[in-house]
Amino acid sequence: MLDATTRSGGTATAAPPVPATELVPTEFTIAPRGLTARCTRALLSPWSRLSLLVTLLVSAGATVLLFEPQKLLADGWPPQLNGAAASVVFAVAYGLCTVAFVPRPLLNLAAGALFGSQLGLGASLAGTVLGAGIAFGLGRILGQDALRPLLRGRWLKAADGQLSRHGFRSMMAARLFPGVPFWAANYCASVSRMGWFPFLLATGLGSIPNTAAYVVAGAQASTPTSPAFLIAMAFIALPALAGAIIAWRKRHHFRDR
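If you're wondering where the values come from, they're calculated on a predicted model, not measured in any experiment. Residue positions are given per chain, counted from 1 along the sequence in the order it is written. Only residues with pLDDT of at least 70 are given local features in this predicted model, and only at 80 or more are side-chain atom pairs given and counted; all residues enter the totals for whole chains, interfaces and linings. Working from all heavy atoms in the structure, the side-chain values ignore hydrogens and water.

Trainee: Explanation requested: the overall build of the protein in the structure shown.
Mentor: The secondary structure content of the protein amounts to 14 helices and zero strands. A helix here means a DSSP run of H or I that spans at least four residues, while a strand means a run of E at least two residues long, and both kinds are numbered starting from the N terminus. The N-to-C order of helical and strand elements in the protein reads α-α-α-α-α-α-α-α-α-α-α-α-α-α. Residues counted as buried form 33% of the 257 residues belonging to the protein. Every residue pair with non-hydrogen atoms within 4.5 Å of one another is taken to be in contact. Looking at the protein alone, contacts between residues at least 24 apart form 76% of all its contacts between residues at least 6 apart. Using the Shrake-Rupley algorithm and a 1.4 Å probe, accessible areas are obtained, with residue cover drawn only from the displayed protein chains. Surface accessibility of the protein: about 15,600 Å² in total, with carbon and sulfur atoms responsible for 70%. Partly exposed residues are those whose accessible area sits between 20% and 50% of the maximum for their type, while under 20% is buried and over 50% is exposed, using a 1.4 Å probe and protein chains only.

Shown next as structure tokens:
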């Protein structure tokens, strides 16, 4: 049989071979990219980020239970650290411990016992603002998108509206009157639309009286009959009593919303 060149009477140029890669269907070449995109979207979804937040908080709480930071009250601070350097390290540890649900009164007492009234107050306030900022950032980045659609209850809507519209004064009240746990106020504020600056400023200013009272009490714990210790205990008790009275009087206001 004559080939194509003989039949046409001329010279024919053979078609170039098709590369093997061009024979692969298009959908097989883009499938890995589509799978990667779907996995990325799933990992960055609101509920995946919320799960990561819960995992981090549970791990932090378990770590605190394992290492027992309250031993600082009995064993003291490591002798290698002293002065301003020790207060800086303590402030960082303070902030991380508040994220892990360690009660601030315990940390404030430890600050007073370890560093005295002035240096202990500075370290405690720095740690308070640092811990609040870390918790606020974690809640805002990892939890807000998943939790905001769940704010349907009357009390939840009222709290969200109060924090979103009157963030600074609401957070000041929460810090001044020790009725709301520190960690709860941090994560509730992160879910709301409160800004960073009002949150941190209100935290720093509102935490001064209560923090100072506990630090002074820790510094004067060896002399429980001294005037400074008694005044500090009064400053601890009076805001708690005032907060309970205000909450009792405002109960109808929240109930009617």
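Structure shown, so let's carry the discussion forward.
Trainee: Help me out: how do you make sense of helix α5 (residues 83-99) in this one?
Mentor: Three- or four-residue spacings in an α-helix give side chains the same orientation, since the helix completes a turn every 3.6 residues. Take the number of residues in a helix, subtract one, and multiply by 1.5 Å to get its expected span. Its 17 residues place the ends of α5 25 Å apart at the C-alpha level, agreeing with the 24 Å of an ideal helix rising 1.5 Å per residue. Downstream of α5 by one or two residues, Phe-101 has phi in the positive range, about 75°.

Trainee: Teacher, can you tell me more about the packing of α5 against helix α6 (residues 104-115) here?
Mentor: Two numbers describe a pair of packed helices, the interaxial angle and the distance between the axes. All axes here are fitted lines through C-alpha atoms, helices being fitted over the stretch that makes contact, and every angle between N-to-C directions spans 0 to 180 degrees. Relative to each other, α5 and α6 sit at 170°, their axes nearing to 11 Å. One element, α5, and the other, α6, form an angle in the roughly antiparallel class. Counted together, Ala-86, Ser-87, Phe-90, Tyr-94, Cys-97 and Thr-98 of α5 and Arg-104, Leu-107, Asn-108, Ala-110, Ala-111, Leu-114 and Phe-115 of α6 form the full contact between these two elements. Tallied by class, residues from the contact of α5 with α6 come to nine nonpolar, three polar and one charged. Each angle is binned into one of four classes, with values under 35 degrees roughly parallel, values over 145 roughly antiparallel, values of 65 to 115 roughly perpendicular, and all other values oblique. Basically, the charged four are Asp, Glu, Lys and Arg, the nonpolar ten are Ala, Val, Leu, Ile, Met, Phe, Trp, Tyr, Cys and Pro, and anything else, Gly included, counts as polar.

Trainee: Would you mind showing me how to read the environment of Val-215 here?
Mentor: Its place among the elements puts Val-215 in helix α12 (residues 208-219). Along the primary structure Val-215 and Leu-109 are separated by 106 residues, whereas in three dimensions their C-alpha atoms are 5.2 Å apart.

Trainee: Sorry if this is basic, but what is going on with unusual backbone geometry here?
Mentor: Trans peptide bonds make up the majority, and among non-glycine residues the majority have a negative phi. Positioned with a positive phi, Phe-101 is a non-glycine residue whose angle comes to about 75°. Following the sequence through the fold, Phe-101 ends up in the loop between α5 and α6. For Phe-101, a relative accessible area of 33% translates into the label partly exposed.

Trainee: Just to check I follow, could you spell out the side chain of Arg-104 for this structure?
Mentor: Along the chain, Arg-104 falls in helix α6. The exposure class assigned to Arg-104 is buried, which follows from its relative accessible area of 10%. Contacts of Arg-104, omitting those with residues within four sequence positions, involve Tyr-94, Thr-98, Thr-128, Phe-182, Ser-207, Asn-210 and Thr-211.

Trainee: So what exactly am I meant to see when it comes to the packing of α6 against α12 here?
Mentor: Direction vectors running N to C along α6 and α12 enclose 50°, while the axes themselves pass 6 Å from each other. Relative to α12, α6 is oriented oblique. You can see that α6 and α12 cross each other, and the crossing is right-handed. Residue-level contacts link Arg-104, Pro-105, Asn-108, Leu-109, Gly-112 and Ala-113 of α6 to Asn-210, Thr-211, Tyr-214, Val-215, Ala-217, Gly-218 and Ala-219 of α12. Looking at the contact of α6 with α12, its residues break down into seven nonpolar, five polar and one charged. Should the near helix be turned anticlockwise from the far one by less than a right angle, the crossing is termed left-handed; should it be turned clockwise, right-handed.

Trainee: I keep staring at the packing of aromatic side chains and nothing clicks. Help me out?
Mentor: Geometrically, a pair of aromatic rings is defined through the distance of the ring centres and the angle of the planes. Classification of ring pairs uses Phe, Tyr and Trp, with its six-membered ring standing for Trp, and accepts pairs whose centres are within 6.5 Å; under 30 degrees between planes counts as stacked, over 60 as edge-to-face, and the remaining range as tilted. This structure, assessed with the given rule, holds five aromatic pairs. Both rings, one in Phe-101 and one in Trp-183, keep their centres 5.4 Å apart while their planes meet at 85°; by these two values the pair is edge-to-face. Of this pair, Phe-101 sits in the loop between α5 and α6 while Trp-183 sits in helix α10 (residues 182-191), and the two are 82 residues apart along the sequence. Taken together, the ring pairs connect Phe-90, Tyr-94 and Phe-115 into an aromatic cluster. Remark: a charge is flagged as sitting over a ring if the NZ atom of Lys or the CZ atom of Arg is within 6 Å of the ring centre and within 35 degrees of the ring normal. One Lys or Arg, Arg-104, reaches over the ring of Phe-182 and ends 5.0 Å from the middle of that ring.

Trainee: Got a minute to help me understand the side chain of Ser-190 in this structure?
Mentor: Note on placement: Ser-190 falls in helix α10. The class for Ser-190 is buried, based on a relative accessible area of 1%. Here a polar contact is taken to be a pair of N or O atoms separated by no more than 3.5 Å, where protein atoms must pair a possible hydrogen donor with a possible acceptor and residues adjacent in sequence count only if both atoms sit in side chains. Of note is the side chain of Ser-190, whose polar atom sits 2.7 Å from the backbone oxygen of Tyr-187.

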